[in-house]
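Structural description and commentary
Each chain is listed here by its residues.
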Amino acid sequence: MPTRAVSSPMSEQQRIPVLDGEALDALAERVRGELLLPGDQGYDEARALWNGMIDRHPAVIVRATGTADVVAGVNFAREQELELAVHGGGHNVAGNATTDGGVMLDLSGMNGVFVDPAARTARVEGGATLGDVDHETGLFGLAAPLGVVSATGVAGLTLNGGYGHLSREHGLACDNVRSMQVVTADGEVRTASADDHPDLFWALRGGGGNFGVVTSFEFDLQAVGEVYVPFSWFHADDAPTVLGRVPEWAESAPLAAGVLPFVGHVPELAEFPASAWGEPAIALLGSYRGDVAEGPAAFAPLVEGVEPVADMSGPMRHEALQRLLDEDYPDGLRYYWKSIFLEELTDEVVELVVRYNESAPSALSTIDLWVLGGAVAGRSQDATAFYHRDKPFMLNFEANWTDPADDDANVAWAREGFAEVETLPGASGRYGNFPGLAEDPVELLFGENYDRLLEIKRRYDPENLFHRNQNVRPAPAV
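Here is a short report on the structure shown in this document. Source: prediction; values computed, not measured.

About the criteria used
Residues numbered from 1 in each chain as written. Predicted model: local features only at pLDDT ≥ 70, side-chain atom pairs only at ≥ 80, totals over all residues. Heavy atoms only, no water. Helix = DSSP H or I, 4+ residues; strand = E, 2+ residues; numbered from the N terminus. Rg over C-alpha atoms; globule rule 2.2 N^0.38 Å. Contact = heavy atoms within 4.5 Å. Areas by Shrake-Rupley, 256 points an atom, 1.4 Å probe, with all protein chains shown as cover. Lys, Arg positive; Asp, Glu negative; His and termini not counted. Charge placed at Lys NZ, Arg CZ, Asp CG, Glu CD. Pairing = 2+ DSSP bridges. Axes fitted to C-alpha atoms, helices over the stretch in contact; angles between N-to-C directions. Patch = residues over 30% accessible without salt bridge, like charges linked within 9 Å, V, L, I, M, F, W, Y side chains within 5 Å. Salt bridge = Lys/Arg side-chain N within 4 Å of Asp/Glu carboxyl O. Buried < 20%, exposed > 50% of the residue type's maximum accessible area, 1.4 Å probe, protein only. Parallel < 35°, antiparallel > 145°, perpendicular 65-115°, else oblique. Left-handed = near helix turned anticlockwise from the far one by under 90°. Nonpolar A, V, L, I, M, F, W, Y, C, P; charged D, E, K, R; others polar. Core = buried A, V, L, I, M, F, W, Y, C linked by side-chain atoms within 4.5 Å. Polar contact = N/O pair within 3.5 Å; in protein donor to acceptor, adjacent residues only side chain to side chain. Phe/Tyr/Trp six-rings, centres within 6.5 Å; stacked < 30°, edge-to-face > 60°. Lys NZ or Arg CZ within 6 Å of the ring centre and 35° of its normal.

**Some words on the overall build of the chain**
- On a plain count of helices and strands, the chain comes out with 15 helices and 21 strands.
- The C-alpha radius of gyration of the chain comes to 22 Å, within 12% of the 23 Å expected for a compact globule of 478 residues.
- Projecting the C-alpha coordinates of the chain onto the three principal axes gives extents of approximately 70 × 50 × 40 Å.
- Long-range pairs, those at least 24 residues apart, make up 73% of the contacts in the chain between residues at least 6 apart in sequence.
- For the chain, the accessible area works out to roughly 18900 Å², and carbon and sulfur atoms hold 47% of it.
- When the 32 positive and 73 negative side-chain charges of the chain are each reduced to one mean point, those points stand 7 Å apart.

Here is the structure:
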């Protein structure tokens, strides 16, 4: 790459600094991947994130092809005193995968997945998505316990905990990691596992992106093939009945069954009766990994005597289930998601959920009830950095809309509903993958694990190079 510096008429407006040409040339010599500067072909496509609300302009985008490129990108950001943002899948709702005027380290090209079917493990590169993993593990009738939308990045999901369809039976995504390769702030490549750098391994499992760039994960895999999927929609009038049955169901249901109830509005799709389009509704989505013939009985206590608006339940491959919601969350839609944990699902919570669903300014928005417990709660709260294991439920306000002119109304709707829930007894904490715009104190996320995280942060990143996250802050960010 010839020597050049970033300068353009828009630099002042976007606060893009002029980079040192010699340093940029040296970076180009050290990386095999592409470097993109403002004005380059492909720059705007590369800086765009899944959340259309986020519009930032990095000074340089480093499109890494491997760990050596990651090391070069980390060293460049540190030495040039530039803000560093790490892009894995780019699905973080708060937009932490990019930066204004800094270095965007893009791992999306590092998406390899290598399965050892005999050992039931997979090595997953840091830019892989859930769909990349499912595609390879499904070949062998195996799965990693990850999330519920296939375009989600594995790294961000896992570093912040990671709930999904398999969580009640197999725990969080981070609970299924054997080891990680991570580039720390000093540019060193470390292996973090129970035997190597165990303190770093503890922190990476739930501590978010505070401690380095994970270039690969080693996951334990579980046997998952065809599953029974309950996917049925009901009138909003039935929401108190269905939601009211969830606590008892969660106490007695087999761990092989998982369900995600949510309220929303009936979509205008051929699968639904036109007479119900746009109406408030409650829906159930989940999976049962036992004998598929026993699947309907596993969820019957939730829906007995309740007539569905539409019922698309039935058997399918696990990989197909993972893709089922993809069309609902396209790139470029506008998103604001914020979650809180619940010690119990009370009548007050149910009433609030129904009321806020009816007042949602966008028919694309939902309020989701994550049913937890099981293997997630089977570990102590200090087993990993992920703290809120003991909570049986998590409520997520999921504002989704299309028009930028509606930003304020939709964000306000989610924040107001969230604030009202927060006043109820037994509501507490935060979840790193649904952080709003990361506006809340991180102590709410990490609880009593925060002090230990702070000690580890001081050891591995004392200058807080990695601060585009729910930040454990040893000193003011540069």
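**Some details on the sheet that holds strand E6 (residues 121-125)**
- Read from one edge of the open sheet, five strands run E5-E6-E10-E8-E9, paired in antiparallel fashion. The strands lining the two open edges of the sheet, one partner per strand, are strand E5 (113-116) and strand E9 (189-193). Across the sheet, the mean angle from the axis of one strand to that of its neighbour is 15°, orientation sign disregarded.
- Examined bridge by bridge, E6 and strand E10 (residues 213-220) share five bridges and lie antiparallel to one another. Bridge assignment links threonine 121 to a residue of E10, and that residue is aspartate 220.
- Contacting strand E8 (177-183), E9 and E10, helix H4 (residues 67-79) runs over the sheet at an angle of about 50° to E8.

**A few points about a negative patch on the surface**
- There is a patch of like negative charges on the surface, built from Glu343, Glu344, Asp347 and Glu348.
- Turning to its location among the elements, aspartate 347 is positioned in helix H12 (residues 347-358).
- Given a relative accessible area of 65%, aspartate 347 falls into the exposed group.

**Considering the sheet that holds strand E4 (residues 103-106)**
- Read from one edge to the other, the open sheet built from four strands follows the order E1-E2-E4-E3, with strand pairing classed as mixed. Either end of the sheet is taken by a strand with one partner, and the two such strands are strand E1 (34-36) and strand E3 (84-87). Looking at each pair of strands side by side, their axes are set apart by 20° on average, direction ignored.
- Pairing analysis gives three bridges linking E1 to strand E2 (residues 60-63), with the strands arranged antiparallel. Directly across from leucine 35, in E2, lies its bridge partner valine 62.
- Sheet contacts for H4: E2, E3 and E4; angle to E4, the most-contacted strand, approximately 170°.

**Some words on the packing of helix H2 (residues 21-30) against H4**
- Running from N to C, H2 and H4 point in directions that differ by 165°, and their axes come no closer than 9 Å. Here H2 lies roughly antiparallel to H4, going by the angle between them. Crossing angle aside, the handedness with which H2 passes H4 is right-handed. Contact with H2, carried on its side by Ala23, Leu24, Leu27 and Arg30, involves Asp69, Ala72, Gly73 and Phe76 of H4 and no other residues of that element.
- Here the contact of H2 with H4 is built from residues that sort into five nonpolar, one polar and two charged.

**Regarding the side chain of threonine 158**
- Inspection of the secondary structure assignment puts threonine 158 in helix H6 (residues 154-159).
- For threonine 158, the residues in contact, after removing those within four places along its chain, are Leu146, Ala173, Cys174, Val177, Gly206, Phe217 and Phe219.

**Here's the deal with unusual backbone geometry**
- Positive phi is not limited to glycine here, since glutamate 81 has a value of about 55°.
- Of the residues examined, glutamate 81 reaches a relative accessible area of 67% and is grouped as exposed.

**Some points on the nonpolar core**
- Ranked by size, the top nonpolar core spans 45 residues in total, and within it Phe299, Leu395 and Phe397 carry the most contacts.
- Counting residues per element, this core draws most heavily on H12, at six residues.
- The contacts of phenylalanine 397, once residues within four sequence positions are left out, are Tyr336, Trp337, Lys338, Leu352, Tyr356, Thr366, Ile367, Trp413, Ala414, Gly417, Phe418 and Val421.

**Structural notes on the pattern of salt bridges**
- For the structure on display, the rule yields 21 salt bridges.
- Between lysine 391 and aspartate 390 there is a salt bridge whose closest N-O contact spans 3.0 Å.
- Relative accessible area serves as the criterion here: at 6%, lysine 391 is assigned to the buried category.
- Accessibility expressed as a relative area gives 42% for aspartate 390, which makes it partly exposed.
- In this structure, the salt-bridge partner of glutamate 439 is arginine 415, at a minimum N-O distance of 3.3 Å. Of the two residues, glutamate 439 sits in the loop between strand E21 (427-428) and helix H14 (443-446) while arginine 415 sits in helix H13 (residues 407-422), which places them 24 residues apart along the sequence.
- Owing to a relative accessible area of 36%, arginine 415 belongs among the partly exposed residues under this scheme.

**So, H2**
- All buried positions along H2 are accounted for by Gly21, Ala23, Leu24, Asp25 and Leu27.
- The opening residue of H2, the one whose side-chain oxygen lies 3.1 Å from the backbone nitrogen of glutamate 22, is aspartate 20.

**A few points about the packing of aromatic side chains**
- Under the definition given, this model contains 20 aromatic pairs.
- Put simply, the rings of Trp50, Tyr163, Tyr329, Tyr335, Trp337, Trp370, Phe386, Tyr431 and Phe434 pair up and form one aromatic cluster.
- A cation over a ring is seen here: lysine 338 above phenylalanine 418, with NZ or CZ 4.7 Å from the ring centre.

**As for the packing of helix H9 (residues 239-252) against helix H10 (residues 295-303)**
- At a minimum axis distance of 7 Å, the contact between H9 and H10 shows a crossing angle of 130°. Considered as vectors, H9 and H10 are oriented oblique to each other. Contacts between H9 and H10 involve Val242, Arg245, Val246 and Trp249 from the first element and Ala298, Phe299, Pro301, Leu302 and Val303 from the second.
- In the contact of H9 with H10, the residues fall into eight nonpolar, no polar and one charged.

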